[in-house]
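What follows is each chain in one-letter form.
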Amino acid sequence: MAERSFKREVEQLRLGAGETFAGEGILAVTKALLQAGVAYVGGYQGSPISHLMDVFADADPLLRELGVHFESNASEAAAAAMLAASVNYPLRGAVAWKSVVGTNVASDALSNIASGGVKGGTLIIVGEDYGEGSSIMQERTHAFAMKSQMWLLDPRPNLPSIVDMVEAGFELSEASNTPVMIELRVRACHVTGSFVARDNRRPPLTVGEAAANPVRDVDRIVLPPANFLHEREKIERRWPAAQRFIAERRLNEWFGPAQDEIGIIVQGGLYNTLNRALELVGLSDAHGAARVPVYCLNVTYPLLPDEVAAFCAGKRAVLIVEEGQPEFIEHELNTLLRRADLSTRLVGKDLLPRAGEYSGEVLRDALLAFFAAHAPGRVAAAPPAPPPPEPELARTVPPRPAGFCTGCPERPIFSAMKLVQRELGALHVSADIGCHLFSILPPFHIGNTTMGYGLGTAGASAFKPSEGAGARRAVAMMGDGGFWHNGLTSGIGNAVFNQDDTVTIVVDNGYSAATGGQDILSSRAASATRRTNNPIERALRGMGVGWARTLTRTYDVARMRDTLKEALTTPEKGPKVIVAQSECMLNKQRRVRPLLAQAAREGKRVVRERFGVDPDTCTGDHACIRLSGCPSLSVKANPDPLRHHPVTAIDDSCVGCGNCGEVAHAAVLCPSFYKAEIVTNPGRLERLLARWRAALIGWIQARDARALAARAF
């Protein structure tokens, strides 16, 4: 079960020539791949391209009709290795993954295919996750493209441009026998629009037909002596071929007047933001009618010396808008200008921020400064900067970091860990990529490092417990997605082989949850196209783990606490693994709520559980909030006028997981939590019982009120 279904949207993938396709960017990419005659598609999910994988999964019947093979790969490395199909055969293939983190995982396969080259067109779709909305380290894909000489496309964020660049990317790859990368930022993936569709193309050669007629070219294999010739081939043949294709097809674009004393060069993916900034300073409009020359680099690598020289010739200064650092494009542009003996002043990171996302406001301020210095009078002076916010505001309004969802089954794991640390002392916790990484933040403050997806156990391998009193084992976290992606071999296998005396907690929530809720090997959902229900503990024991426990309900905080304590104190040496199972609450609610709503509409009896806090019992200690941290837990005024501390309250977002009550019980906190059942379409007997209870409670309350009043006098 993915984060959302595209069953309805994928019907648009059947549109033919002349029909209008409307939707978001990632759907347009899918349609473009089918129009280009792609033979196979693979990848690993992750923002902002997760939906590409989800769309292909939902479009499986159409793919089968066209003879297109689709595979949701175990990792980005596995996806990149699929491109080997295009080395010897004229097969067009595409793979996709999240940003530089995926490229890092896939780097071995990518380096090999970039060295040997391809016969069929290959496209690597990278979700460029850079900027304020990113969840990962701030790095750029550009460096890898340069390092391996793979051409990098950065299309202007509108649907016709994206579709054209996908199809041109395959042609560029075939014209230069080189893999091509196309980076799509978050806004490009989710921009909406329309384009005129073309017919889907069945691949001239399917992967099945290629396998039935094997071809072998030793010169494409990265082994001596061929590998020594590959680098020369890249520079002497493939690079010029790519530059010719880019120039002849005019993949880069020009906007605005032909002649001016100044100009702007911009990465294609930043064009929309630049145009908005130009609009703000009065030099463009919403339709892109720029009144200053703009050279839009839809291909950011390789650059074309002749195009650069033609654009910059006769200009006093040119602004290069290149987001992120290092400033690879600016460095190369400076080299090209000097080689062309042009005196044009290139302005870039000396005016723009060296790092960080280039928002419309950032580019507006840069444009004002650029024009003031190099074309004074072209635009109005910048308005005065607003005064800085009062320091008191930052102290009054609390920050709102990312955190666990209401009812998340991972929260009780860390509640149990805090209880264990209260008894055994602080633990070194090697964190991992996934929702459980939120444990680093308040209220848990658990987690010392994170080294990559599925690398939690490997990150703990350096910590060997010392002998004697005070010795503590390191604890590693790992999600079920990370376990199958990389953790089973790099983490668990390594720990078994080296007999690392560590404790690993595998959070098995049933999905690759942090990437959008896709099914994985251990998912419990039945699948018509994939094999699920492969227990993690079975894989652990097959790898050689002797001490393994599977807990099927993470909300049982006491049992989780006791199992973790046992793992940390058992005399048994070697790796110890706890598999903590409970379904991702977000996916569970997506799955269950529509069913309950439908049942309620049909008049069926529906029961929803939720928890509450008795304000007369609550002491206002709030230890429940500190140990649980559930977003549904809040505070409200104490109803007792003789008590000043606010009491805990549970709002209506509660999903009835019971974690708050479990934590209160395990930590021996207070008895103020209660569980209530909210019944929709109750039976006749239930309604009668509810009225009787209300009457009885009302009578008791009135009696007590009369007694209190009598004693008062």
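Values in this document were obtained by computation on a predicted structure and should not be read as measured data.

**A word on the overall build of the protein**
Item 1. The secondary structure content of the protein amounts to 25 helices and 24 strands.
Item 2. Intrachain contacts of the protein at a sequence separation of at least 6 include 78% that bridge at least 24 residues.
Item 3. Of the accessible surface of the protein, which amounts to about 32,500 Å², a share of 56% is contributed by carbon and sulfur atoms.
Item 4. Across the protein, the centroid of the 77 positively charged side chains sits 6 Å from that of the 76 negatively charged ones.

**Section: the packing of aromatic side chains**
Item 1. In this structure the tally under the stated criterion is 15 aromatic pairs.
Item 2. Centroid distance F370 to F371: 5.5 Å. Interplanar angle 65°. Geometry classified as edge-to-face.
Item 3. We classify F370 as buried; its relative accessible area is 1%.
Item 4. Three or more aromatic residues joined by ring pairs make a cluster, and in this case those are F404, F414, F438 and F444.
Item 5. Seen from the ring of F144, K147 lies directly overhead, with NZ or CZ sitting 4.0 Å from the centre.
Item 6. Taking the ring centre of Y271 as reference, the NZ or CZ of R156 above it sits at 5.3 Å.

**Structural notes on the sheet that holds strand β15 (residues 429–431)**
Item 1. Taken together, the 6 strands give an open sheet; going across it, the order is β16-β15-β17-β18-β20-β19, and neighbouring strands pair in parallel fashion. A single partner strand is all that each edge strand has here, and the edge strands are β16 (449–450) and β19 (547–551).
Item 2. Note: β15 against β16, 2 bridges, orientation parallel. Its bridge partner lying in β16, A431 is registered against T450.
Item 3. Each of β17 (475–479), β18 (503–508) and β20 (576–581) is contacted by helix α19 (residues 480–498), which is oriented at about 135° to β17, the strand it contacts most.

**Examining the side chain of E332**
Item 1. When you line up the elements, E332 lands in helix α14 (residues 328–339).
Item 2. No salt bridge is formed by the buried E332; its nearest oppositely charged neighbour, R339, is found at 6.8 Å.
Item 3. Ignoring any residue separated from it by four or fewer positions in sequence, one finds E332 in contact with Y301 and L303.

**With respect to the pattern of salt bridges**
Item 1. Applying the stated criterion across every chain, the model contains 43 salt bridges.
Item 2. Note that E322 and R140 form a salt bridge whose closest N and O atoms lie 3.0 Å from each other. Placement of E322 in the loop between β13 (317–321) and α14 and of R140 in the loop between β5 (122–128) and α7 (142–148) is noted, with a sequence separation of 182 residues between them. The same class applies to E322 as to R140, namely buried.
Item 3. Of the charged contacts in the structure, one is a salt bridge between R232 and E236, with a shortest N-O distance of 3.4 Å. In this pair, R232 and E236 both sit in helix α11 (residues 226–248), 4 residues apart, roughly one turn of the helix. In this pair, the class of R232 matches that of E236, namely exposed.
Item 4. Each of D217, R220, E233, R237 and R238 takes part in salt bridges that share partners, so that together they form one network.

**Considerations on the pairing of strand β7 (residues 180–185)**
Item 1. Where burial is concerned, most of β7 is hidden: 6 out of the 6 residues are buried.
Item 2. What you see with β7 is no split at all: V180, I182 and L184 on one side and M181, E183 and R185 on the other are buried throughout.
Item 3. Judged from the 6 bridges that link them, β5 and β7 form a sheet pairing that is parallel. Bridge pairing in β7 places E128 opposite R185.
Item 4. The pairing of strand β6 (residues 151–153) with β7 spans 3 bridges and is parallel. Its bridge partner lying in β7, W151 is registered against V180.
Item 5. The handedness of the β6 to β7 crossover, carried by helix α8 (residues 159–176), is right-handed.

**Some details on the pairing of strand β2 (residues 40–43)**
Item 1. Burial along β2 is two-sided: Y40 and G42 and V41 and G43, pointing in opposite directions, are all buried.
Item 2. In this structure, β2 lies alongside strand β3 (residues 69–72), joined through 4 bridges in parallel fashion. Following the sheet pairing, G43 is matched in β3 by S72.
Item 3. One ladder, built from 4 bridges, connects β2 with strand β4 (residues 93–98); its direction is parallel. Paired with V41 across the two strands is A94, which belongs to β4.

**Brief notes about the environment of A188**
Item 1. For A188, the location among the structural elements is in helix α9 (residues 186–190).
Item 2. Judged by its relative accessible area of 6%, A188 falls in the buried class.
Item 3. Counting along the chain gives 242 residues from A188 to S430, while the straight-line C-alpha distance between them is 35 Å.
Item 4. Residues contacting A188, with those up to four places away along its chain left out, are G25, P157 and I162.

**Things to note about the environment of G263**
Item 1. One can find G263 in strand β10 (residues 262–267).
Item 2. Given a relative accessible area of 0%, G263 falls into the buried group.
Item 3. Counting along the chain gives 57 residues from G263 to I320, while the straight-line C-alpha distance between them is 8.8 Å.
Item 4. The contacts of G263, once residues within four sequence positions are left out, are V292, P293, F311, K315, A317, V318, L319 and F370.

**A word on helix α12 (residues 271–280)**
Item 1. For α12, the full list of buried residues reads Y271, T273, L274, N275, A277 and L278.
Item 2. Structurally, α12 contributes buried residues whose contacts are with β9 (253–255), β10, β11 (294–297), β13 and α15 (360–374).

**Re the side chain of E323**
Item 1. One can find E323 in the loop between β13 and α14.
Item 2. Residue E323 is classed as buried on the basis of its relative accessible area of 6%.
Item 3. Reaching out from E323, the side chain makes a polar contact with the backbone nitrogen of Y358 at a distance of 2.7 Å.
Item 4. Beyond its immediate chain neighbours, meaning those up to four positions away, E323 contacts Y130, R140, R185, Q267, L270, K349, G356, E357 and Y358.

**Some thoughts on a nonpolar patch on the surface**
Item 1. Taken together, the side chains of L689, W692, L696, W699 and I700 present a nonpolar region at the surface, about 490 Å² in accessible area.
Item 2. The residue I700 is located in helix α25 (residues 684–712) in this model.
Item 3. The exposure class of I700 is partly exposed, given its relative accessible area of 31%.

**Some details on the packing of α8 against α11**
Item 1. Following both chains from N to C, one finds α8 and α11 inclined at 145°, their axes separated by 8 Å at the closest point. As for how α8 packs across α11, the hand of that crossing is right-handed. Packed against α8, whose contacting residues are A168, E171, L172, A175 and S176, the element α11 presents R238, A241, A242, F245 and I246 at the interface.
Item 2. Tallied by class, residues from the contact of α8 with α11 come to 7 nonpolar, 1 polar and 2 charged.

Rules and cut-offs
- Residues numbered from 1 in each chain as written.
- Predicted model: local features only at pLDDT ≥ 70, side-chain atom pairs only at ≥ 80, totals over all residues.
- Heavy atoms only, no water.
- Helix = DSSP H or I, 4+ residues; strand = E, 2+ residues; numbered from the N terminus.
- Contact = heavy atoms within 4.5 Å.
- Areas by Shrake-Rupley, 256 points an atom, 1.4 Å probe, with all protein chains shown as cover.
- Lys, Arg positive; Asp, Glu negative; His and termini not counted.
- Charge placed at Lys NZ, Arg CZ, Asp CG, Glu CD.
- Phe/Tyr/Trp six-rings, centres within 6.5 Å; stacked < 30°, edge-to-face > 60°.
- Buried < 20%, exposed > 50% of the residue type's maximum accessible area, 1.4 Å probe, protein only.
- Lys NZ or Arg CZ within 6 Å of the ring centre and 35° of its normal.
- Pairing = 2+ DSSP bridges.
- Axes fitted to C-alpha atoms, helices over the stretch in contact; angles between N-to-C directions.
- Salt bridge = Lys/Arg side-chain N within 4 Å of Asp/Glu carboxyl O.
- Right-handed = clockwise from strand over helix to strand, strands pointing away.
- Polar contact = N/O pair within 3.5 Å; in protein donor to acceptor, adjacent residues only side chain to side chain.
- Patch = residues over 30% accessible without salt bridge, like charges linked within 9 Å, V, L, I, M, F, W, Y side chains within 5 Å.
- Left-handed = near helix turned anticlockwise from the far one by under 90°.
- Nonpolar A, V, L, I, M, F, W, Y, C, P; charged D, E, K, R; others polar.

As far as function goes, none of this settles anything; it's purely spatial.
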